Amino acid sequence: METTKQKTLRGSFSLFGKGLHTGLSLTVTFNPAPENTGYKIQRIDLENQPIIDAVAEKVVDTQRGTVLAQGDARVSTVEHGLSALFAMGIDNCLIQVNGPEFPILDGSAAMYVEKINQVGIEEQNAPKDYYIIRKKIEVKDDESGACITILPDDQFSITAMCSFESKFINSQFATLDSMENYEKEIAAARTFVFVRDIEPLLQANLIKGGDLDNAIVIYEKQTTQERLDMLADMLHVPHMDANNLGYIQNKPLVWENECTRHKLLDIIGDMALIGKPIKGRIVATRPGHTINNKFARLMRKEIKKHEIQAPIYDPNEEPVMDNNRIRELLPHRYPMQLVDKITAIGPTTIVGVKNVTANEPFFVGHFPQEPVMPGVLQIEAMAQCGGLLVLNQLEEPERWSTYFIGIDNVKFRQKVVPGDTLLFRVELLHPVRHGISSMKGYMFVGDKVVSEASFTAQIVKNK
């Protein structure tokens, strides 16, 4: 069973630099945060402004970087910092910035990764809540030809394919099969821009802080010397020969496909807006911030619709507890033994299975013409799973029993009928103290929650 815990920073770190859009001198500080916090961004230059939740708040502009807003507070170009956090497995972080954007730094995520490695990463008590992709999800933009597809996979991986109207980067391909390789293969990839796009961006005051130290500039369509000299003056760089097409930069390319690797970096940063780590494979064609954020919003809707995901059940896998072992731990016998097997168990979570047949004794009277499993027995079955979770952690578990002492927040969402396969997921809400255990249980048929409850049990030594 997945036992990865949430993570935060061991300490704080700050980075300084110019803003890409404003050209202002900016400082961004990353701080540890409690478990289940997520990514929160605070404008410390504004008084009485709410802290922006990177997941819940509105994306208001996607042309030159991701912009988050709540009320009057806006923060842009957050994707490089969020990309580093998300890829390095950090779930909780309070980010403080003294202006309307993160500093552009060198146009990549390398400095964020370097600082994260310096201060270190700390594991927290709460389990990491993955969203597992069970089916193909896709979003398209017919106008631009952009498309992002996510497919089931046992970890998060990503592939990007880019096509530009340029002989220098006409078509490129990049892939990242594991986030463990992010630092080595993606973090140093810099942002890029075409010369043909610079003039309108400058006229719109969108890149006041851009220069050849924080971006790859691509000069792929020849213009007049006068026009190129004017752009060079606006960028505060030396004049260049208008006949020499190619890359314009102070630093050489890190990789031949650095531009597409940066697209991967941006996608990962925009996926941080989903709010959960993902297990799935993304395939992105001609990605950009517009399609990235459209996809992130779609994923947030999917997660909200399936907020509680059913465990993955493969009947071909050997159970971790079969029926015989369950009988050794639980005193229940026919017709009250309501768990057939345990498929996964961890320190705080257990997954169990019951196959509901037409021969269940309770169907005789509940109800003869329309057999429905009684709700009280559904709760009993979840509680039996919870008992197995607790007993599994004790020495000589056969010498102990668990008893209900409280049931709360019970909900029944769908009927359970003969032929259903029930999946139980029960998790500890708090560590066991003084022989008292608090748990939350869910019961699924397929991928739907059919019932849920919170319950408290007492652990008692057998006479």
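Computed from a prediction, not measured in an experiment: that's the story for all the values here. (Residues numbered from 1 in each chain as written. Predicted model: local features only at pLDDT ≥ 70, side-chain atom pairs only at ≥ 80, totals over all residues. Heavy atoms only, no water.)

J.: Help me understand a nonpolar patch on the surface in this model?
T.: A surface patch of nonpolar side chains, about 340 Å² in accessible area, is lined by Phe 404, Ile 407, Val 410 and Phe 412. Locating Val 410 in the fold gives a position in strand E22 (residues 400-412). According to the relative accessible area criterion, Val 410 is partly exposed, its value standing at 35%. (Patch = residues over 30% accessible without salt bridge, like charges linked within 9 Å, V, L, I, M, F, W, Y side chains within 5 Å. Areas by Shrake-Rupley, 256 points an atom, 1.4 Å probe, with all protein chains shown as cover. Salt bridge = Lys/Arg side-chain N within 4 Å of Asp/Glu carboxyl O. Helix = DSSP H or I, 4+ residues; strand = E, 2+ residues; numbered from the N terminus. Buried < 20%, exposed > 50% of the residue type's maximum accessible area, 1.4 Å probe, protein only.)

J.: Just to check I follow, could you spell out unusual backbone geometry for this structure?
T.: Excluding glycine, most residues fall at negative phi; most peptide bonds, likewise, are trans. Note that the residue after Tyr 334, namely Pro 335, is joined by a cis bond; omega there is 5 degrees. Between His 366 and the following residue, Phe 367, the backbone shows a cis peptide bond with an omega angle of -5 degrees. The residue Phe 367 is located in the loop between strand E21 (349-355) and helix H9 (375-391) in this model. Even without a glycine there, the phi angle at Glu 396 is positive, about 50 degrees. The phi angle at Asn 409 is positive, at roughly 50 degrees, despite the residue not being glycine. Position of Asn 409 relative to the elements: it lies in strand E22.

J.: In this structure, what is going on with helix H1 (residues 79-87)? I would like to understand it.
T.: Three or four residues apart is the spacing at which side chains of an α-helix point the same way, because the helix has 3.6 residues per turn. The element H1 is extensively covered by neighbouring structure, given that nine of its nine residues are classed as buried. Of the residues making up H1, those classed as buried are Glu 79, His 80, Gly 81, Leu 82, Ser 83, Ala 84, Leu 85, Phe 86 and Ala 87. Of the residues trailing H1, Gly 89 is marked for its positive phi of about 80 degrees.

J.: Before we go on, may I ask you to explain the pattern of salt bridges in this structure?
T.: Pairs may arise between side chains of opposite charge once their charged atoms sit close together. Scanning all chains against the criterion turns up 19 salt bridges. Where Asp 106 meets Lys 251, a salt bridge forms, and the shortest distance between an N and an O atom there is 3.9 Å. One end of the pair, Asp 106, is in the loop between strand E9 (93-97) and helix H2 (110-119); the other, Lys 251, is in the loop between strand E18 (246-248) and helix H6 (258-271), with 145 residues separating them in the sequence. Salt bridges here are not isolated pairs; linked through shared partners, they connect Lys 136, Glu 138 and Lys 140.

J.: What is the right way to read the nonpolar core from this model?
T.: Judged by nonpolar contacts, the single largest core of 62 residues is most densely connected at Phe 30, Phe 102, Tyr 182 and Ile 282. If you look at the next biggest cluster of nonpolar residues, it comprises 35 residues, including Ala 381, Leu 388, Leu 422 and Leu 428. (Core = buried A, V, L, I, M, F, W, Y, C linked by side-chain atoms within 4.5 Å.)

J.: Help me understand the side chain of Thr 159 in this model?
T.: Residue position: Thr 159 is located in strand E14 (residues 156-163). A polar contact of 2.7 Å, which involves the side chain of Thr 159, links it to the side chain of Arg 281. Thr 159 has contacts with Phe 173, Ala 174, Thr 175, Leu 264, Arg 281, Ile 282, Val 283 and Ala 284, leaving out every residue within four places of it along the chain. (Polar contact = N/O pair within 3.5 Å; in protein donor to acceptor, adjacent residues only side chain to side chain. Contact = heavy atoms within 4.5 Å.)

J.: Sorry if this is basic, but what is going on with the pairing of strand E12 (residues 137-141) here?
T.: The side chains of a regular strand alternate between the sheet's two faces. Bridge count between E12 and strand E13 (residues 146-151): five bridges; the pairing is antiparallel. What sits directly across from Asp 141, in E13, is Ala 146. Hairpin remark: E12 followed by E13, antiparallel, with four residues in the connecting loop; positive phi at Gly 145, about 80 degrees. (Pairing = 2+ DSSP bridges.)

J.: How should I be thinking about the pairing of strand E3 (residues 25-32) in this particular structure?
T.: One ladder, built from six bridges, connects strand E2 (residues 13-18) with E3; its direction is antiparallel. Bridging from a neighbouring strand, Ser 14 pairs with Thr 29 of E3. From the end of E2 to the start of E3, which pair antiparallel, there are six residues, and Gly 23 there has a positive phi angle of about 75 degrees.

J.: Explain H9 to me, please; I cannot follow it from the model alone.
T.: The terminal C-alpha atoms of H9, which comprises 17 residues, lie 24 Å apart, in line with the 24 Å expected from a rise of 1.5 Å per residue. In terms of residue burial, H9 counts as a mostly covered element, since 15 of its 17 residues are buried. (Expected span 1.5 Å × (residues − 1).)

J.: Just checking my understanding: could you explain the sheet that holds E22 for this structure?
T.: The strands that make up a sheet are held in pairs by hydrogen bonds between backbone atoms, and each pair lies either parallel or antiparallel. Strands sit in the order E20-E21-E23-E24-E25-E22 across an open sheet of six strands; the sheet is antiparallel. Edge positions in the open sheet fall to strand E20 (341-345) and E22, since each of these has one partner strand only. Ignoring which end each strand starts from, the neighbouring axes of this sheet average 25 degrees apart. Pairing analysis gives seven bridges linking strand E23 (residues 421-428) to strand E24 (residues 436-445), with the strands arranged antiparallel. Bridged to Leu 422 within E24 is Val 445. Contacting E20, E21, E22, E23, E24 and strand E25 (448-461), H9 crosses the sheet at an angle of about 135 degrees to E22. (Axes fitted to C-alpha atoms, helices over the stretch in contact; angles between N-to-C directions.)

J.: What's the story with the packing of H1 against H2 in this structure? I'm lost.
T.: The axes of two packed helices give the description: the angle between them and the distance between them. Packing of H1 against H2 leaves a shortest axis separation of 9 Å and a crossing angle of 40 degrees. Taken together, the axes of H1 and H2 lie oblique to each other. For the pair H1 and H2, the sense of crossing is right-handed. Listed contacts from H2 to His 80, Gly 81, Ala 84 and Leu 85 of H1 are Tyr 112, Val 113 and Ile 116. Partitioned by chemical class, the residues of the contact of H1 with H2 number five nonpolar, two polar and no charged. (Parallel < 35°, antiparallel > 145°, perpendicular 65-115°, else oblique. Left-handed = near helix turned anticlockwise from the far one by under 90°. Nonpolar A, V, L, I, M, F, W, Y, C, P; charged D, E, K, R; others polar.)

J.: I keep staring at the environment of Glu 122 and nothing clicks. Help me out?
T.: You can see Glu 122 is positioned in strand E10 (residues 121-127). Among the residues examined, Glu 122 registers a relative accessible area of 34% and is labelled partly exposed. As for Glu 122 and Asp 53, which are separated by 69 residues in sequence, their C-alpha atoms are 21 Å apart. With residues near it in sequence (within four places) discarded, Glu 122 still touches Gln 6, Lys 7, Thr 8, Leu 9 and Arg 10.

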